[in-house]
Every structure is written in structure tokens, then in C-alpha cells.
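These are the residues of each chain, in order.
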Amino acid sequence: MSSTITAAQEAHIVARALPYLRRYAGATIVVKYGGHAMGQETLAVEFGQDIALLKQVGINPVVVHGGGPQINAMLDRLAIKSNFIDGLRVTDAAMVEVVEMVLAGSVNKQVAALINRAGALAVGISGKDGGLIRARKLRRTKKDPDSNIEKVLDLGFVGEPGFIDTRVINALTGAGLIPVIAPVGIGEDGETYNINADTAAGAVAGALNATRLLMLTDVPGVLDRQKRLMPDLSLTQINELIADGTISGGMIPKVETCMEAVTQGVKGATILDGRVPHALLLELFTEGGIGTMIHR
């Protein structure tokens, strides 16, 4: 009897998801993968299954992943010390080699393997492959409190996307494959740049004119002053919440990435909790989703 009830419940869930499956059929959805969702084995396996499922129901997922903890672990093993300027890590020539080795190597192939194990065909690439992410040096300034003069901070080989060449991504998705992208870019002179995964995912989503950008994080989304989730925010509302201090700290660059993607044509960019099992499916295939969607 219990199995009959379970089967009926599962059929009901599938039936309720049908309108959303139709809505996203043929759509491109960019997923930024990182945080605890990446480090916890059960969640990682479920992530691979969810991405494979999206492909099987006619959606074109594109994955951009991070790997900060893995980079830190390798730097410790190699006894390479990190230097910071105002909380930002300086990436010198030795360190960027490690970053590329970890992000474009072991981590990239592990993420692709998760999806392949689930029955889809994923291909791991970096932003350097085919000139996918043309990068420029990230410029940060600091105002001297005494002289009020802006000083440029040199963070080494830390970059930001200058141009996204989507031909490699389109070739892979057109062949039925799922691109898994490590956020490493190439400069004008062939130099390697480490790029923040959130920033890279936003730029890729904008260049692809993706239907959705899903940013997996370790928080439920954007919270109000009472720590309640705000499920839906316009660009105007975001600016107001930043101005009044409701959105602060590390959430600011995340919402700014989402805002930039939406400005470039992405229909909706969502910050959601990757620690929730099957977070991607809950966001896409249920009424209202589970995170904060940012839109025009």
C-alpha cells in the first residue's frame, strides 16, 4: 500500500512539473557550482544527477564551477604562502600555475565526471580553451584616508572577463554535450588569469543570452532585515537595498553579478542555497522556486 502511495505522489510531482518543463524546453541555463554543494559528497552526486536530468528533458545546461577550498589545500601542500591586500588574495606567477592546475585539472574533471556518471555527456574545459574567456587584469583601488588619493592595488594574475567567445560552448551544446567550465581566462599576451567563478558565470550567461542564471551559494538567497528570504527582486529594488544597507558584505558582488547578467539579457538570475538537496530542480520546476530571483 505504501509503495502505491509513493508512486502516486511521484506521479503527482511529475505532473505538476510539466508546465515548467515546457517553459524551459530548449532553453540555455547557466549554473554556477560551488560552496558546500561542491564539497559534500551526497550533494555533489545529486548535482550531477540534476544537471543530467536537465539535459534529458531538453534543456541546455552550462556549468561554471569554483574551487577555492581545493586551491587552498594544494597551496598548503606545496607550502606556497598567500599574500593578501585588503582581504584580496594576490595571485603571483607561481600561484596562478597552481590555480590553473587545480581548477582546469582535477576539479574540472571531477565535476564533469559527476554528470557523466549520471548518464549525460559532459566535457570539461577552461576559459582558455578556444579563447572562450578573454580576460583582462582586475583593477582595484583603495582610497588613502589621509590624502584621499586613490591608489591602484596590484593583485597579480587576478582577472575579469573582457569578452566571451561562445563558439566553443555552442559547438558542445549543439553536439548534445554539457560544457563544464573552469574560470581561468587568457589575456591579450597569452597570460593566464584567475577569475572569480561568480563573475565568470554571469559573463557567460550574458554572452549566451541565457534564459536563467542559477548561482549556488551557502545561503538561502537575499534576506531582508528580519532575515526572511526575498523571493523576487527587480534591479531598482536591489539598488535600494544596497543603498540602505539591507544587502551588504559578500552578498553585494553576488547581486551585482546577477544584475549585470540581467542587464545583458538574461531573463532571470537566481541566488539559491546549494545545500538544499536537488536545489536546481526545486528552483526551476516548482512554483516560486526556493531562492531569490533578480530580474528587470
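This report concerns the structure included in the present document. Being a predicted model, the structure only gives us computed values, none of them experimental.

## Regarding the nonpolar core
Then comes step 1: With 43 residues, the main nonpolar core has Tyr33, Phe47, Ile51 and Phe285 as its most contacted residues.
Then comes step 2: For this core, the element with the most residues is helix H5 (residues 93–117), which contributes ten residues.
Then comes step 3: What Ile51 contacts, discounting residues up to four positions off in sequence, is Val31, Pro61, Val63, Ile115, Ile178 and Leu280.
Then comes step 4: Membership of the second largest hydrophobic core comes to 40 residues, among which are Val62, Ile164, Val255 and Val266.

## Topic: the packing of aromatic side chains
Then comes step 1: Inspection of every chain in the model, using the stated rule, returns two aromatic pairs.
Then comes step 2: Relative to Phe47, the ring of Tyr33 has its centre 3.7 Å away and its plane inclined at 5 degrees; by these criteria the two rings are stacked. With Tyr33 in strand S1 (residues 28–33) and Phe47 in helix H3 (residues 41–56), this pair connects stretches of sequence that are 14 residues apart. The two residues Tyr33 and Phe47 agree in class, both being buried.
Then comes step 3: Between Phe157 and Tyr193, the ring centres sit 6.1 Å apart and the planes meet at 45 degrees, which makes this aromatic pair tilted. Of this pair, Phe157 sits in the loop between strand S8 (150–153) and strand S9 (158–164) while Tyr193 sits in strand S12 (residues 192–195), and the two are 36 residues apart along the sequence.

## Regarding the side chain of Thr257
Then comes step 1: Secondary-structure assignment places Thr257 in helix H9 (residues 251–263).
Then comes step 2: Classification of Thr257 by relative accessible area gives buried; the value is 12%.
Then comes step 3: In this structure Thr257 touches Asp198, Thr199, Gly202 and Met215, once residues within four positions along its chain are discounted.

## Here's the deal with the sheet that holds strand S2 (residues 60–65)
Then comes step 1: A sheet is described by the order of its strands in space; here eight strands give the open sequence S5-S10-S2-S1-S13-S15-S16-S14, paired in mixed fashion. In this open sheet, the two strands that pair with only one neighbour each are strand S5 (122–126) and strand S14 (232–234). The sheet shows a mean angle of 20 degrees between the axes of neighbouring strands, direction not considered.
Then comes step 2: Across four bridges, the pairing between S1 and strand S13 (residues 212–217) is parallel. If you follow Val31 over to S13, its bridge partner there is Leu214.
Then comes step 3: Against the sheet, helix H8 (residues 235–243) makes contact with S14 and strand S16 (292–295), and its axis sits at roughly 90 degrees relative to S14, the strand it touches most.
Then comes step 4: Running over the sheet, H9 touches S13, strand S15 (268–273) and S16 and is turned about 150 degrees from S15.

## With respect to helix H7 (residues 197–208)
Then comes step 1: Across its twelve residues, H7 extends 16 Å between first and last C-alpha, which sits within 8% of the 16 Å expected from 1.5 Å per residue.
Then comes step 2: By the criterion of burial, H7 is predominantly enclosed, with ten of the twelve residues buried.
Then comes step 3: The distance from a side-chain oxygen at the start of H7 to the backbone nitrogen of Asp198 is 2.9 Å, and the residue carrying that oxygen is Asn196.
Then comes step 4: In the stretch just after H7, Asn209 is the one whose phi turns positive, near 55 degrees.

Rules and cut-offs
Residues numbered from 1 in each chain as written. Predicted model: local features only at pLDDT ≥ 70, side-chain atom pairs only at ≥ 80, totals over all residues. Heavy atoms only, no water. Core = buried A, V, L, I, M, F, W, Y, C linked by side-chain atoms within 4.5 Å. Buried < 20%, exposed > 50% of the residue type's maximum accessible area, 1.4 Å probe, protein only. Helix = DSSP H or I, 4+ residues; strand = E, 2+ residues; numbered from the N terminus. Contact = heavy atoms within 4.5 Å. Phe/Tyr/Trp six-rings, centres within 6.5 Å; stacked < 30°, edge-to-face > 60°. Pairing = 2+ DSSP bridges. Axes fitted to C-alpha atoms, helices over the stretch in contact; angles between N-to-C directions. Expected span 1.5 Å × (residues − 1). Polar contact = N/O pair within 3.5 Å; in protein donor to acceptor, adjacent residues only side chain to side chain.

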